Amino acid sequence: MMNEDQVNDVIQRWRHTPEDDLKPEDYQQFQNLGSACLIEGDSAQLLKFLQDEKNQGIVKSMGCVLMAPLVNQVVRNERSLDHCQAAITHLTMTCSPNELLQSLLELIEDIAPGAISETILALVPHLQTVLLQLDGRKAACVGLTLSALQKQLSRLPVPYTQQQEEADEHGLCRCCNAVAAFTKPFVEEVKRKHGNDVTTPEDEELRTELLKFCMWSLREPLLEAELNRDRESPLWLFAAEIMVTLPAIQESLPELLFFSSLKKSTQMDNSQSKESRACLAYLLFVQLITIDSFPAVFSPVFVLQCNMEYINQLLSSKMESHLLKGLALCTKSLESVQDNSLPASLLELKGFYSVPQNLRQVLTDCPMQHLRESGLQVFQLFIDKLDAEAKHKFFRCMLKTSNHAGVESYIVKNIKNQVEFSLEPGHTNKWFLGEEFLLLLGLVFCLPQGAETDLLSSMDRIMESLNLLRYLLIRTDVWKELCGIKDRYLEMLRVCISISRAYYSAELKALREDQKLKAKEARDAARSTRLVKSITVKHKKVSNMSPEVQQQVLQSALVTFDLMESLIVRIEEITEEKLKIPN
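Residues numbered from 1 in each chain as written. Predicted model: local features only at pLDDT ≥ 70, side-chain atom pairs only at ≥ 80, totals over all residues. Heavy atoms only, no water.

## Section: the overall build of the chain
We count it as follows: Put simply, DSSP marks the helices as runs of H or I at least four residues long and the strands as runs of E at least two long, and each gets a number from the N terminus on. What the globule rule says is 2.2 Å times the number of residues to the power 0.38, and the radius of gyration is computed from C-alpha atoms. Burial status follows relative accessibility: with a 1.4 Å probe on protein chains alone, a residue under 20% of its type maximum counts as buried, one over 50% as exposed, and anything between as partly exposed. Residue contacts are defined here by distance: any two heavy atoms, one from each residue, within 4.5 Å place the two residues in contact. Surface exposure here means Shrake-Rupley accessible area, sampled with a 1.4 Å probe, where a residue is shielded only by the protein chains that are shown. Neither His nor the chain termini are counted; the positive set is Lys and Arg, and the negative set is Asp and Glu. Where a charge lies is defined by one atom per residue type: Lys uses NZ, Arg uses CZ, Asp uses CG and Glu uses CD.
Helices and strands together make up the secondary structure of the chain, namely 26 helices and zero strands. The C-alpha atoms of the chain give a radius of gyration of 36 Å, which is well past the 25 Å a tight globule of 583 residues would have. Taking the principal axes of the C-alpha coordinates as reference, the chain spans close to 120 × 85 × 35 Å. Evaluated residue by residue, the chain yields a buried proportion of 48% over its 583 residues. Look at the contacts in the chain between residues 6 or more apart in sequence, and 74% of them connect residues 24 or more apart. Carbon and sulfur atoms form 51% of the exposed surface of the chain, whose accessible area is close to 29,400 Å². One way to put it: in the chain the 63 positive side-chain charges average out to a point 10 Å from where the 78 negative ones average out.

Okay, structure coming up:
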């Protein structure tokens, strides 16, 4: 530890030493002296030293090494913050911008997990000052800085609920707004340069770096955030800032969304690029941010067709925030399209096949009920927009590929609705009232597993198909082909019911016998102290349930078979009545 005289001697030597002659030991010693001042609470003395005219050579040469201890002092929110902030400001105006930037970037790289937001908030204003002083390589340096900042911001959890966002416990919202403010002068510079119609490669590089920043921001954190235009939250305002920035840097939103892929210089892979543009489409068409300035020349069908790529990207995710945005974007894109207007040719496009399949996945596999309910509404909305031929082909596709009785029953219910619609004056078509319709009915009235079909798991589809068959026999002319399909279907269904009833009756009988045996064993055990050996149950199809629940399930199955059989009987009666009516 040096005394005051020794310190003064060192300072005098530094004042008279050219910068090129300073050694690494001098830099380390200068940092140690500055850190000691801060530790001892002498920040005012340190500031006075830095501002002393006689010391400006020292500050210019070695001041960068004090940036880390000063910033750390500010982040720790300890005493004499004003002195430390003033010292940092003085360093940014005195030291070499290139050396300062290197020091600041190293600080960002080394941020401790618990001090990310505080460090970024402390550094961003000074980073802006330093970058604005650069003469050469400004664009590249802006890119390096934004990349470093976003890398750290990606470590912060995204607040999802309104309460979390208002609390902003981890500081992400404050940091996003600070970084948006940081970019403003560079955005204005790009805007000004393009306004003059004279741009250099440096100008184009700066524009590209800002585009990269916008696209990364759309993906992180905005894709994860809950955004609502009725509540202008901090992240909603950040989203609005990004949407305004894109056209300001001469990036056309229609070109980004509809006509071109991102340049390789954005350093994002294809899926990341799609996620960013999917969020962009969501902000534009759902949140309506900057929609007033979006060209109105694109038809609703064209917008829907383009958005299908992004809807598919969002719906293929397992994350709730992605799924919500995908469902909302799909809804908004479909709502603008006229009912019964989308042609069958669109179903040949990848998006128009993949989106319904992903919707089906949401309906059948998603554990969150509100998403399943929203998914069903969107699924129906999609069906409503298809014309008759497209509906016919879509129903055939879903019956072949869904492999889920609930989805298939919903499709059969829609088929019934379409038949009813086709019976109205002016809506007659071959797709639901002619020979083409028989191809669809062949898929409805069949049991893919034949006599081995599990009637309980297929109950929804079978009951809906029987209701459709009854409706067709009542409301339409009895075609010879329909009767043939009906006879084959009902014959196979009767066989299946017979086999299933026999199986479940045997299960129920075995269960009751087992319960009686266990009751007898319990009585015998009460009369005797000897151990009773356990009995192995032969029929344990539903062994994870209690005996009482097992009995209820088995009895319910038998009731279901009776209900199916009664419907079959009624259908046969209707057929006989129809055939008796003379043509």
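After presenting the structure, the write-up continues.
## Let's talk about the state of the cysteines
Formally: Disulfides are defined in this document as cysteine sulfur pairs within 2.5 Å.
Per the counting criterion, the structure on display carries zero disulfides. The thiol of C141 is unpaired, and the distance to the nearest cysteine sulfur, on C64, comes to 14 Å. We classify C141 as buried; its relative accessible area is 3%. Note on C176: no disulfide assigned, nearest cysteine sulfur contributed by C173 at a separation of 6.7 Å. Accessibility expressed as a relative area gives 2% for C176, which makes it buried.

## Some points on the side chain of S117
Convention followed: Think of a polar contact as two N or O atoms within 3.5 Å of one another; within protein, one of them needs to be a possible hydrogen donor and the other a possible acceptor, and neighboring residues in sequence only count if both atoms come from side chains.
Tracing the backbone through its elements, the reader meets S117 in helix α8 (residues 116–132). Among the polar contacts listed, one links the side chain of S117 to the backbone oxygen of H170, at a separation of 3.2 Å. Aside from chain neighbours lying at most four places away, what touches S117 is L156, H170, G171 and C175.

## Considerations on the packing of helix α7 (residues 97–109) against helix α9 (residues 138–153)
What counts is decided by this rule: Interaxial angles span 0 to 180 degrees and are taken between N-to-C directions of axes, which are lines fitted to C-alpha atoms, for helices over the stretch in contact. Working rule for angles: under 35 degrees goes down as roughly parallel, over 145 as roughly antiparallel, 65 to 115 as roughly perpendicular, anything else as oblique. Here a crossing is taken to be left-handed if its near helix is turned anticlockwise relative to the far helix by less than a right angle, and right-handed if that turn runs clockwise. Each residue is assigned to one class: nonpolar for Ala, Val, Leu, Ile, Met, Phe, Trp, Tyr, Cys and Pro, charged for Asp, Glu, Lys and Arg, and polar for all the others, Gly among them.
Across the interface, α7 lies against α9 with an axial gap of 9 Å and an inter-helix angle of 20°. Considering the angle they form, α7 stands roughly parallel to α9. In the crossing of α7 with α9, the sense of the turn from one axis to the other is left-handed. Residues L101, L105, I108 and E109 of α7 form the contact with α9, whose own contacting residues are C141, L144, T145, A148, L149, K151 and Q152. For the contact of α7 with α9, a count of residues per class yields seven nonpolar, two polar and two charged.

## Points about the pattern of salt bridges
Worth spelling out the cut-off: Salt bridge, as used here, is a side-chain nitrogen of Lys or Arg placed within 4 Å of a carboxyl oxygen of Asp or Glu.
Under the definition given, this model contains 23 salt bridges. For D487, the salt bridge goes to K486, with nearest N and O atoms at 3.0 Å. Taken together, the salt bridges that share partners define one network made up of K138, E189, K193 and D203.

## A look at unusual backbone geometry
In this model, E220 is joined to P221 through a cis peptide bond whose omega is 15°. On the secondary structure map, P221 appears in helix α12 (residues 201–222). If you check the backbone angles, Q250 has positive phi at about 65° while not being a glycine. Here Q250 shows up in the loop between α13 (234–248) and α14 (253–259). The partly exposed category is assigned to Q250, whose relative accessible area is 43%. You will see that L288, though not glycine, has its phi angle at about 60°, which is positive. Following the sequence through the fold, L288 ends up in the loop between α15 (270–285) and α16 (300–315). A residue is classified by how much of its surface remains accessible, and L288, at 33% relative accessible area, is partly exposed.

## A few points about helix α19 (residues 369–385)
Stated formally: What a helix is expected to span follows from its residue count: subtract one and scale by 1.5 Å.
Helix length check: α19 (17 residues) gives 25 Å between terminal C-alpha atoms against 24 Å at 1.5 Å per residue, within 8%. The complete set of buried residues in α19 reads L371, G375, V378, F379, Q380, L381, F382, I383 and K385. On the buried face of α19, the contacting elements are α16, α17 (320–335), α18 (350–365), α20 (388–401) and α21 (405–422).

## Describing a negative patch on the surface
Formally: Like-charged residues are merged into a patch within 9 Å and nonpolar side chains (Val, Leu, Ile, Met, Phe, Trp, Tyr) within 5 Å, provided each residue has over 30% relative accessible area and no salt bridge.
On the surface, E19, D20, D21 and E99 cluster together to form a negatively charged patch. Mapped onto the secondary structure, E99 falls in helix α7.

## Brief notes about α7
Given a rise of 1.5 Å per residue, 13 residues ought to cover 18 Å, and the 18 Å separating the end C-alpha atoms of α7 matches this to within 8%. Along α7, the positions that sit buried rather than exposed are L100, L101, S103, L104, L105, L107 and I108. Its buried side turned inward, α7 meets α5 (67–75), α6 (81–94), α8 and α9.

## Focus on a nonpolar patch on the surface
Taken together, the side chains of M492, V495 and I499 make up a nonpolar region of the molecular surface, amounting to roughly 230 Å² of accessible area. Here I499 is to be found in helix α25 (residues 480–527).

## Observations regarding the nonpolar core
Heads up, the rule is: What we call a nonpolar core is a set of buried Ala, Val, Leu, Ile, Met, Phe, Trp, Tyr and Cys residues that are connected through their side-chain atoms within 4.5 Å.
L283, F394, I415 and L466 are the most contacted members of the largest nonpolar core, which totals 177 residues. Apart from the residues within four sequence positions on either side, I415 is in contact with F395, L399, F432, F437, L440, V444 and L468.

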